[in-house]
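Each chain, letter by letter, is given below.
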Amino acid sequence: MEKLISCCGLNCASCDARIATVKNDDELRKAVADKWRVAYNVPGLSYEMINCTGCREEGVKFSHCDECEIRNCVKAKGFNTCGDCQEMQTCSIVAAVHKYVPEAITNLQSLN
Ligand code: SF4
Ligand code: SF4
């Protein structure tokens, strides 16, 4: 599978929100919304909100990703990803993701 690595190191290529967007698949959008509503405690999440082409790709972003503090920080510093940042080892912002998805660190290292 192609790798579309986000600013924090997630693999957007394997994200169901992106897959549903690219395929314009409403059944998958509904499944993602059902899952994320519970997993991320967002009761108001509707399937129509599941639209994202990927963190660093052109096109629509899922609402959280558009407001993401990490993504905004990377852009403000002129980096491609957190992997370009000298502060990554000690950054508490990106650590919040890496704590749950350690593979994201490996993904960032694979870009260099
Ligand atoms: S940026 Fe979009 S494709 Fe990437 S993880 Fe977030 S929702 Fe999924
Ligand atoms: S300060 Fe943190 S969030 Fe910002 S670019 Fe560096 S590692 Fe990423």
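Above this text is the structure in question.
Residues numbered from 1 in each chain as written. Chains lettered and ligands numbered in written order. Predicted model: local features only at pLDDT ≥ 70, side-chain atom pairs only at ≥ 80, totals over all residues.

1. Focus: unusual backbone geometry
Consideration 1: For asparagine 24, which is not glycine, the phi torsion reads 50 degrees and is therefore positive.
Consideration 2: Position of asparagine 24 among the secondary structure elements: in the loop between α1 (16–23) and α2 (26–39).
Consideration 3: Phi is positive for asparagine 41, which is not a glycine, with a value near 55 degrees.
Consideration 4: Among the secondary structure elements, asparagine 41 is positioned in the loop between α2 and α3 (63–67). (Helix = DSSP H or I, 4+ residues; strand = E, 2+ residues; numbered from the N terminus.)

2. Here's the deal with the nonpolar core
Consideration 1: Among the nonpolar cores identified, the biggest contains 20 residues, and Cys7, Cys8, Ala17, Ile70 and Cys82 are the most heavily contacted of them.
Consideration 2: For cysteine 82, the residues in contact, after removing those within four places along its chain, are Cys7, Cys8, Gly9, Ile70, Val74, Met88, Val94 and Leu108. (Core = buried A, V, L, I, M, F, W, Y, C linked by C-beta atoms within 7 Å. Buried ≥ 20, exposed ≤ 12 C-beta atoms within 10 Å, placed from the backbone. Contact = placed C-beta atoms within 7 Å.)

3. Observations concerning helix α6 (residues 103–111)
Consideration 1: All of the buried residues along α6 are Ala104, Asn107 and Leu108. Buried residues of α6 fall within an arc of 95 degrees about the axis and therefore sit on the same side. Of the exposed residues in α6, the ones pointing more than 90 degrees away from its buried face are Glu103, Thr106, Gln109 and Ser110.
Consideration 2: Its buried side turned inward, α6 meets α5 (92–98). (Arc of directions from axis to C-beta.)

4. Quick word on the site of ligand 2
Consideration 1: Every residue close to ligand 2 is listed here: Ile70, Cys73, Val74, Lys77, Phe79, Cys82, Cys85, Glu87, Met88, Cys91, Ile93 and Val94.
Consideration 2: Of all the secondary structure elements, the ones that give two or more residues to the shell around ligand 2 are α4 (69–77) and α5.
Consideration 3: In the shell around ligand 2, the residues fall into 10 nonpolar, no polar and two charged. (Near = placed C-beta within 6 Å. Nonpolar A, V, L, I, M, F, W, Y, C, P; charged D, E, K, R; others polar.)

5. A look at the packing of α1 against α2
When two helices pack together, their arrangement is captured by the angle between the axes and the distance separating the axes.
Consideration 1: Contact pair α1 / α2: the axes reach a minimum separation of 8 Å and the direction vectors enclose 160 degrees. With respect to their mutual orientation, α1 and α2 come out roughly antiparallel. When you trace α1 past α2, the crossing you get is left-handed. Here α1 contributes Asp16, Ala17, Ile19, Ala20 and Lys23 to the contact with α2, which in turn contributes Leu28, Arg29 and Val32.
Consideration 2: Considering only residue class, the contact of α1 with α2 consists of five nonpolar, no polar and three charged. (Axes fitted to C-alpha atoms, helices over the stretch in contact; angles between N-to-C directions. Parallel < 35°, antiparallel > 145°, perpendicular 65-115°, else oblique. Left-handed = near helix turned anticlockwise from the far one by under 90°.)

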